[in-house]
Amino acid sequence: MSLFKKKNERSLFTAFISYFLIFLIPFLLLTTVLYYSAIIGLKQQLYSTNQNSLKQAMNLLDERLKDLEKLTDTIQFNPKLSSFMLNHPFYSLDSNNELGRIQANHSFIEEMYVYYDQDKKFYSKNGSYDLATFQFNKYETVAFEAGELEENLTKNHPKLNATLYSSGVSDKLFQYYVPLKNSGITYGNVLFVLNNSELEKMMNMTSNDLPGFTYLLDESYSTLLSLTESGKEHADLKIEKETLNNKKLEYADKQYDLSSFKSEISGITLALLVEDNQFLKPVIQTRNLFYLLIALIFILGSLFSYILGLKKYLPMKKIEDSFEKILSKESLDFEDGNRLFFENKINLVLKNHLELNQIVSEQKVYLLNYFLESLISGHYREENQLKYEMEKLDFKLAGKAFFVVVMSSEWSENKEENTKIKTVFIDQFPRTIKGTTYHLIELATKKQIVMLGCTTKAEINSLLAVSELKQFSQTFLPAKLSFTVGNFYDNLLYINRSYIDALTAAEYFKDTDRDIIYYEEISDRQVYFSSIPIDSKSKLHKSLMEGDEVVAKEVLESIFSKNKIAQMSIYEKRYYCYDVISTVFNCVSQQNQQSIVKNFDHLMSSDVLDDIHEELKKITDDFCSVMNFMKEKETKDLGQKIMKYIHENYASMDLSLEAIAVNFDFSVSYLSRVVKEQVGITFSNYVQELRLVKIKEELIYTPKTIKEIVNDAGYQDVSNYTRKFKQIIGVTPGQYRKENRKENSMIRL
């Protein structure tokens, strides 16, 4: 009290109270706000952190699984991994090595197997296994349920599966099945045996070092994997679908907080169980620290109020500035940490994206040509399927009208000149001519050049459009040209119908001397009332010969339309049906398909139109299947002929892509794609490999001079090839001969 008396107790007290109230009111408000924002907010942040950890781990798992699906797409179009190459006695070793190379580049994969339905075999880097050997020898300790493996191999969508070992150990075998599809039809599967440690690392990302359990659930909420915070398997508690909706769970007389996250991509669910007292431990610690801080601030505030009242200085702004600096510094440190995390994450994603783009771009030219051939052949039946394939290829073909032009030319007898002209001409496409974009497809087995036209104009003068295409083509092709044009369709899915139209027009007007022919010019008139319209008969014949059952059935539906035959007499109907049956029979007999010919016996005596129609549709399915098989065989035989020619002539100095193209009467670009499809590398690289094998063998086992060996292998410039040999092998031909002959002699000893 003596101090107050010395300093004027009344004024000091009044000043103290005024400053204290100025401190106290904001202090109470700030304390309340901070309490709710810090304590309550921290609790919400813990829930959010758990949820984000689950989401982050699930996104990482989805990325890994998505990478495996993209890897499956790459395997699907990798020629080295086709059923033919994997079963080939010579090339199967390269195929096994290719599987080993792919597996070595992915740490998430423990083992990888390619399974083809037609072979009933699993192919891996170590060789092949039939189903029984794989299940009872390769993985004899895995407790596969009866039919489990076969069922997973026939799934038409990716599936993650976990199977316990029969030996009693708690470990599981994790498998990811990704189907191999062609035009929506599953013909095989790629089985990835996943790395357990990599999978457990992803799951351990969710625990945040808190005691509890992490669960991985499949689409049906069955437990695939459950781990404790130490990474050990935990299988006592089962998580049900209904349980995931609750945030609390009681187990073994303890309360647990439950967080879960379900992937919208794979349907897999990650769940995290953390003990309640451990989960809220940071909240309790923060609350106690907050109380201590509040008490300390209150004492300091009171002291500051006393000092202000005593000396009437120490502005409040200084305190505010100090707090602002502290808060801004903490905020800046937080933002910098997050920025660094996201930058690293983005860089990783970009790196993976660039690597995948590089792999896809190497196959893009071949895939695009294969896509266009499939498109005009009618392999795509649904909009979603077509859109998906175009997005994968990053290929756009937007327009209001689509049509097909089939070009024929009177080539000269000089094959070399034809090949050069054809190659230069094909390289001009795709090309836009007066608002119409043309994509060119060379169908070498049919000796056809087909152009797929796409225009963005609502109305198009078809005669003018094709005339301009003809005028452009004549600048490159001096021979006489003729163009047959199919109908225009507003849906790209129907482009195969335009192709059949064009072929039908070409067949119908084959004896005319016109340059441009349109399908729509075929007259609907008929000689007799009871005969099939000419355009329908021609289109039915051509669609059957092309193996296009969709178009053939559409023509049959049109022919058997009730409106056309309602007014016919019974005799006219019989003649009409005979005309249809005769058209189909001519196609079948022309291909000498005796197994299908016998189906016509009872058709001639039937008077029921619906029965005739249904039977003809069945015959159409059978015949088109045969025609498609013959087309595939023809393409396969052509590839084998080309490879045989290369193997017989690779040592010739005159061998070149152009020379082979001349021999087979193809364009250079088409031949290049065929070679890449057969062996997976370019023509020049493949010939270089064949010659290198021959040179290495002769260096070791023959007394020939290096010059003779190099010349015999097809190289004229010996010194230039010596440098190239050293770049590839690491030593000169002479050093290679010396080292390997020495090793060979030691082996014999």
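Scroll up a little and you will see the structure.
Residues numbered from 1 in each chain as written. Predicted model: local features only at pLDDT ≥ 70, side-chain atom pairs only at ≥ 80, totals over all residues. Heavy atoms only, no water.

K.L.:
Explain the overall build of the protein chain to me, and be specific about the residues and the numbers.
P.N.:
The helix and strand inventory of the protein chain stands at 26 helices and 17 strands. Put simply, the protein chain has 749 residues, and 43% of those count as buried. Sequence separation of 24 or more characterises 62% of the internal contacts of the protein chain that already satisfy a separation of 6 or more. Taken as a whole, the protein chain presents about 41,400 Å² of accessible surface, with 54% of it coming from carbon and sulfur. (Helix = DSSP H or I, 4+ residues; strand = E, 2+ residues; numbered from the N terminus. Buried < 20%, exposed > 50% of the residue type's maximum accessible area, 1.4 Å probe, protein only. Contact = heavy atoms within 4.5 Å. Areas by Shrake-Rupley, 256 points an atom, 1.4 Å probe, with all protein chains shown as cover.)

K.L.:
Account for the state of the cysteines, with residues named and values stated.
P.N.:
Taken as a whole and assessed by the stated rule, the structure comprises 0 disulfides. In this structure Cys-587 is not part of a disulfide, and its nearest cysteine sulfur, from Cys-624, lies 9.3 Å away. Cys-587 gets classed as buried once you look at its relative accessible area, which sits at 0%. (Disulfide = S-S within 2.5 Å.)

K.L.:
Describe the sheet that holds strand S9 (residues 248-251), naming the residues involved and giving the relevant values.
P.N.:
One open sheet holds the 5 strands; their spatial order is S8-S7-S11-S10-S9, and the pairing between them is antiparallel. Edge positions in the sheet fall to strand S8 (223-228) and S9, since each has one partner strand and no second. Adjacent strand axes in the sheet meet at a mean angle of 25°, parallel and antiparallel pairs treated alike. Here strand S7 (residues 212-217) pairs with S8 via 5 bridges, running antiparallel. Bridging from a neighbouring strand, Thr-214 pairs with Leu-227 of S8. Contacts from helix H7 (residues 196-204) reach S7, S8 and strand S11 (269-275), with the element oriented near 65° to S8. (Pairing = 2+ DSSP bridges. Axes fitted to C-alpha atoms, helices over the stretch in contact; angles between N-to-C directions.)

K.L.:
Got a sec to walk through the packing of aromatic side chains? Specific residues and values, please.
P.N.:
Applying the stated criterion to the full structure yields 25 aromatic pairs. Between the aromatic rings of Phe-403 and Tyr-438, the centroid separation amounts to 6.0 Å while the plane-to-plane angle is 90°, which identifies the pairing as edge-to-face. With Phe-403 in strand S12 (residues 401-409) and Tyr-438 in strand S14 (residues 436-443), this pair connects stretches of sequence that are 35 residues apart. Judged by relative accessible area, which is 0%, Phe-403 ranks as buried. (Phe/Tyr/Trp six-rings, centres within 6.5 Å; stacked < 30°, edge-to-face > 60°.)

K.L.:
So, helix H18 (residues 570-590): which residues are in play, and what are the values?
P.N.:
Taking 1.5 Å per residue, 21 residues should reach 30 Å; H18 reaches 30 Å between its end C-alpha atoms and fits that length. All of the buried residues along H18 are Tyr-576, Cys-577, Asp-579, Val-580, Ile-581, Thr-583, Val-584, Cys-587 and Val-588. Just downstream of H18 lies Asn-592, where phi reads positive at about 60°. (Expected span 1.5 Å × (residues − 1).)

K.L.:
Account for the sheet that holds strand S5 (residues 172-182), with residues named and values stated.
P.N.:
The strand order across the open sheet built from 6 strands is S3-S2-S1-S6-S5-S4, with neighbouring strands paired in antiparallel fashion. Strand pairing shows two members of the sheet lacking a second neighbour, strand S3 (127-130) and strand S4 (159-164), which therefore form its edges. Geometrically, the sheet is characterised by an average inter-axis angle of 30° between neighbouring strands, direction not taken into account. Of the strands in this sheet, strand S1 (109-116), strand S2 (121-124) and S3 touch helix H4 (residues 92-104), which is tilted by about 140° from S1.

K.L.:
So, unusual backbone geometry: which residues are in play, and what are the values?
P.N.:
A cis amide bond links Phe-429 to the next residue, Pro-430, at an omega of 5°. A positive phi angle is found at Asp-394, which is not glycine, with a value near 55°. Tracing the backbone through its elements, the reader meets Asp-394 in the loop between helix H11 (383-392) and S12. Under the relative-accessibility criterion, Asp-394 is labelled exposed at 57%. Phi is positive for Asp-665, close to 60°, though the residue is something other than glycine. Turning to its location among the elements, Asp-665 is positioned in the loop between helix H21 (657-664) and helix H22 (668-679).

K.L.:
Give a detailed account of helix H12 (residues 415-426), specifying residues and quantitative values.
P.N.:
Here H12 is 12 residues long and its end C-alpha atoms lie 16 Å apart, about the 16 Å a rise of 1.5 Å per residue gives. Looking only at H12, the buried set comprises Asn-418, Thr-419, Ile-421, Lys-422, Thr-423, Phe-425 and Ile-426.

K.L.:
Requested: an account of the environment of Val-406, with residues and values cited.
P.N.:
Its location among the elements puts Val-406 in strand S12. Distance from Val-406 to Ile-517, taken between C-alpha atoms, is 10.0 Å for residues 111 residues apart in sequence. In this structure, Val-406 is in contact with Ile-449, Val-450, Ser-482, Phe-483, Thr-484, Tyr-499, Ala-502 and Leu-503, ignoring residues within four places of it in sequence.

K.L.:
Which residues make up a nonpolar patch on the surface, and what values do they have?
P.N.:
Judged by side-chain polarity, Leu-293, Leu-296, Leu-300, Leu-303 and Phe-304 come together as a nonpolar surface patch covering roughly 420 Å² of accessible area. Mapped onto the elements, Leu-300 comes out in helix H9 (residues 281-311). (Patch = residues over 30% accessible without salt bridge, like charges linked within 9 Å, V, L, I, M, F, W, Y side chains within 5 Å. Salt bridge = Lys/Arg side-chain N within 4 Å of Asp/Glu carboxyl O.)

K.L.:
An account of the pairing of strand S15 (residues 448-455) is needed here, citing residue identities and associated values.
P.N.:
Counting buried positions along S15 yields 8 of 8 residues, so the element is predominantly enclosed. By the alternation rule, side chains of S15 split into Gln-448, Val-450, Leu-452 and Cys-454 and Ile-449, Met-451, Gly-453 and Thr-455, which are all buried. Note: S12 against S15, 7 bridges, orientation antiparallel. Following the sheet pairing, Val-406 is matched in S15 by Val-450. In the sheet, S14 pairs with S15 via 8 bridges, with the strands oriented antiparallel.

K.L.:
Could you give me a rundown of the nonpolar core, with the residues and numbers involved?
P.N.:
Counting residues in hydrophobic clusters, the biggest one holds 38 residues, and the most contacted among them are Met-112, Phe-192 and Leu-216. Elements with a minimum of two residues in this core: helix H2 (9-76), H4, S1, S5, strand S6 (185-194), H7, S8 and S11. Per-element tally for this core: the top contributor is H2, with 9 residues. If we ignore the near neighbours within four places in the chain, the residues touching Leu-216 are Leu-61, Leu-160, Leu-199, Met-203, Ser-222, Thr-223, Leu-224, Leu-225, Ile-268, Thr-269 and Leu-270. (Core = buried A, V, L, I, M, F, W, Y, C linked by side-chain atoms within 4.5 Å.)

K.L.:
Can you lay out the packing of helix H14 (residues 495-508) against helix H15 (residues 534-545) for me, pointing to particular residues and giving the numbers?
P.N.:
Running from amino to carboxyl end, H14 crosses H15 at an angle of 110°, the nearest separation of the two axes being 9 Å. Judged by the angle between their axes, H14 and H15 are roughly perpendicular. The handedness of the crossing between H14 and H15 comes out as right-handed. Within the contact between the two elements, H14 uses Arg-497, Ile-500, Asp-501, Leu-503, Thr-504, Glu-507 and Tyr-508 and H15 uses Ile-534, Asp-535, Ser-538, Lys-539, Lys-542 and Ser-543. Grouping the constituent residues of the contact of H14 with H15 by class yields 4 nonpolar, 3 polar and 6 charged. (Parallel < 35°, antiparallel > 145°, perpendicular 65-115°, else oblique. Left-handed = near helix turned anticlockwise from the far one by under 90°. Nonpolar A, V, L, I, M, F, W, Y, C, P; charged D, E, K, R; others polar.)

K.L.:
Describe the packing of H14 against helix H16 (residues 549-559), and please don't skip the residues or the numbers.
P.N.:
Two measures define how a pair of helices packs: the angle their axes make with one another and the distance between the axes. For the pair H14 and H16, the least separation of the axes is 10 Å and the interaxial angle reads 75°. By the angle between their directions, the pair H14 and H16 is classed as roughly perpendicular. Contacts between H14 and H16 involve Asn-496, Arg-497 and Ile-500 on the former and, on the latter, Val-550, Val-551 and Glu-554. Each residue belonging to the contact of H14 with H16 can be placed in one class, and the counts come to 3 nonpolar, 1 polar and 2 charged.

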